[in-house]
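Close look at the chain arrangement
Chain by chain, the residues:
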Amino acid sequence: MRRWLLCLLGVMAAGLLGGAAPQAQNAAGPAEEVDVALVLAVDVSYSMDIDELALQRNGYIEAFRSKELHDAIAKGAIGKIAVTYFEWAGGHFQHIVKPWTIIDTPQSAIAFAEELGEAPTRRGRRTSISGAIELSMTLLDQAKVAPMRRVIDISGDGANNDGRPVDVVRDEARDKGISINGLPVMLKQASYFDTDNLDLYYEDCVITGVGAFVIPIRERSQFVDATRTKLVREIAQAPEAPDALIQKAQAKQPRVSCLQGERQWRDRMGN
């Protein structure tokens with residue numbers, strides 16, 4: 001009799017536990033819908049001086065404070081975006097400053113800006129745009145949102161010289177339906193590792209996707225306007241016509257070598 005009661009209790013417990021699983025699963029709910037999932041990948045390599053790092057960070061802070069950005073979010077089909085912000089240098093130097101954050105009001109955008117302003121800025125050796133794109137793709141895959149578009153926003157002042165070839169990784173992002181836009185910083189050409197025509201390098205080797213674009217910064221005074229313009233354009237961007245061109249390696253002959261950064265590093269360092 002005792003054995004029978006124990007068996008009965010075991011069956012009842014199993015039934016209760018089995019019924020609890022779907023409830024726990026449903027409690028998580030569906031992924032939150034957003035107009036765009038946007039990764040902000042920001043170069044903090046040693047080629048950027050302290051003033052440039054401060055100007056670069058401030059450009060993003062002021063953009064998220066701006067009415068233009070708030071209006072762009074509000075006018076979206078859903079009216080909200082998901083944003084994450086990380087800083088990168090070489091392939092092994094990547095730091096997530098702000099994890100995925102939903103922005104759907106001016107207040108939440110300003111809060112994001114304030115938190116960016118409070119976070120310390122780090123610096124690292126070398127330049128791995130390919131590593132930044134790889135991490136961006138991982139972050140997009142991990143985002144618990146359902147975006148209408150997925151966009152990687154790369155800002156930097158030099159060519160890739162660490163990690164995998166940038167055009168190879170760029171094409172992997174393209175094949176996943178991810179767009180990449182660029183903000184090349186072209187303030188000086190005093191270092192051996194500086195790249196002539198960095199805007200062309202970004203156009204030919206970094207950006208991809210329907211409507212992908214580059215906005216170069218050539219003067220310190222342009223940081224705020226260029227960053228705000230880029231973000232507003234990424235958030236408000238409407239789908240292009242079905243026959244719109246997609247930037248990819250095979251679309252045209254590159255005007256610059258996508259391996260020029262690696263060659264500069266090898267020639268300079270001897271490896």
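Residues numbered from 1 in each chain as written. Predicted model: local features only at pLDDT ≥ 70, side-chain atom pairs only at ≥ 80, totals over all residues. Heavy atoms only, no water.

1. Overview of the overall build of the chain
The condition that has to hold: Strands here mean DSSP runs of E at least two residues long; helices mean DSSP runs of H or I at least four residues long; both are numbered from the N terminus. Throughout, exposure labels follow a simple rule: accessible area from a 1.4 Å probe, protein chains only, divided by the maximum for the residue type, with under 20% read as buried, over 50% as exposed, and the rest as partly exposed. Two residues qualify as a contact provided that any one of their heavy atoms is within 4.5 Å of a heavy atom in the partner residue. Here the Shrake-Rupley method, with its probe set to 1.4 Å, supplies the accessible areas, and only the displayed protein chains count as covering residues.
Each helix and strand in the chain was counted, giving 9 helices and 7 strands. Considering the chain as a whole, with its 271 residues, one finds that 46% of them fall into the buried category. Long-range contacts, defined here as pairs at least 24 residues apart, represent 82% of the contacts in the chain between residues at least 6 apart. In the form shown here, the chain has an accessible surface area of approximately 13,600 Å², with 55% of it arising from carbon and sulfur atoms.

2. Brief notes about the nonpolar core
The tendency in soluble globular proteins is for nonpolar side chains to be buried as a group. Where we set the bar: We define a nonpolar core as any set of buried Ala, Val, Leu, Ile, Met, Phe, Trp, Tyr and Cys residues linked to one another through side-chain atoms lying within 4.5 Å.
I129, I133, I154 and Y201 are the most contacted members of the largest nonpolar core, which totals 35 residues. Counting only elements with at least two residues in this core, the list comes to β1 (32-43), β2 (81-88), α5 (129-142), β4 (145-156), α6 (166-175) and α7 (198-205). When neighbours within four sequence positions are excluded, I129 is seen to be in contact with W88, I154, G158, A159, N160, V166, Y201, Y202 and V206. With 30 residues, the next largest nonpolar core counts Y60, F64, A113 and F223 among its residues.

3. With respect to the packing of aromatic side chains
In plain terms, the rule: Working definition: rings of Phe, Tyr and Trp (its six-membered ring) pair if their centres are within 6.5 Å, and the pair is stacked with planes under 30 degrees apart, edge-to-face with planes over 60 apart, and tilted otherwise.
Applying the stated criterion to the full structure yields 3 aromatic pairs. With a centroid separation of 5.5 Å and an interplanar angle of 85°, the aromatic rings of Y60 and Y85 are classed as edge-to-face. Residue Y60 is found in helix α2 (residues 50-65), and its partner Y85 is found in strand β2; the two are separated by 25 residues along the sequence. By relative accessible area, which is 0% here, Y60 ends up buried.

4. Observations regarding helix α8 (residues 223-236)
Applicable threshold: Expected helix span is given by 1.5 Å per residue-to-residue step, counting one fewer step than there are residues.
Its 14 residues give α8 an end-to-end C-alpha distance of 20 Å, which sits within 8% of 20 Å, the value for a rise of 1.5 Å per residue. Among the residues of α8, F223, A226, T227, R228, K230, L231, E234 and I235 are the ones counted as buried. Buried-residue contacts for α8 involve β1, α2, α3 (67-74), β2, β4 and β5 (179-184).

5. What about the packing of α2 against helix α4 (residues 106-118)?
Here is the rule: Lines fitted to C-alpha atoms define the axes, with helix axes restricted to the stretch in contact, and inter-axis angles between N-to-C directions lie between 0 and 180 degrees. An angle counts as roughly parallel when it lies under 35 degrees, as roughly antiparallel when it exceeds 145, as roughly perpendicular when it falls between 65 and 115, and as oblique in every other case. Crossing chirality is assigned from the near helix's rotation relative to the far helix, an anticlockwise turn below a right angle marking it left-handed and a clockwise turn marking it right-handed. When residue character is reported, Ala, Val, Leu, Ile, Met, Phe, Trp, Tyr, Cys and Pro are called nonpolar, Asp, Glu, Lys and Arg charged, and the others, Gly included, polar.
At a minimum axis distance of 7 Å, the contact between α2 and α4 shows a crossing angle of 160°. Overall, the two elements α2 and α4 adopt an arrangement that is roughly antiparallel. By crossing handedness, the relation of α2 to α4 is classed as left-handed. Listed contacts from α4 to R57, Y60, I61, F64 and R65 of α2 are A109, I110, F112, A113, E114, L116 and G117. For the contact of α2 with α4, the per-class residue count stands at 8 nonpolar, 1 polar and 3 charged.

6. Overview of the environment of S221
With respect to the helices and strands, the residue S221 is situated in the loop between β6 (209-210) and α8. Overall, S221 belongs to the exposed group, its relative accessible area being 63%. Between the C-alpha atoms of S221 and L55, which are 166 residues apart in sequence, the distance is 8.8 Å.

7. What about the state of the cysteines?
Our working rule: For the purposes of this analysis, a disulfide is any pair of cysteine sulfur atoms at a distance within 2.5 Å.
In this structure the tally under the stated criterion is 1 disulfide. Residue pairing for C205: its cysteine sulfur links by disulfide to C258, the two sulfurs lying 2.1 Å apart. Its torsion about the S-S bond being -90°, the disulfide of C205 and C258 is classed as left-handed. Residue C205 is found in helix α7, and its partner C258 is found in the loop between β7 (246-247) and α9 (260-269); the two are separated by 53 residues along the sequence.

8. Describing the sheet that holds β2
Note the threshold: Between any two strands, at least two bridges found by DSSP are needed for them to pair.
If you trace the 5 strands from one edge of the open sheet to the other, you get β3-β2-β1-β4-β5, paired in mixed fashion. Looking at the sheet topology across the chains shown, the edges are occupied by β3 (94-103) and β5. The mean angle between the axes of side-by-side strands here comes to 15°, regardless of whether they run parallel or antiparallel. With respect to the sheet, α8 is in contact with β1, β2, β4 and β5, its orientation differing from that of β4 by roughly 155°.

Purely geometric stuff here, so don't read any function into it on its own.
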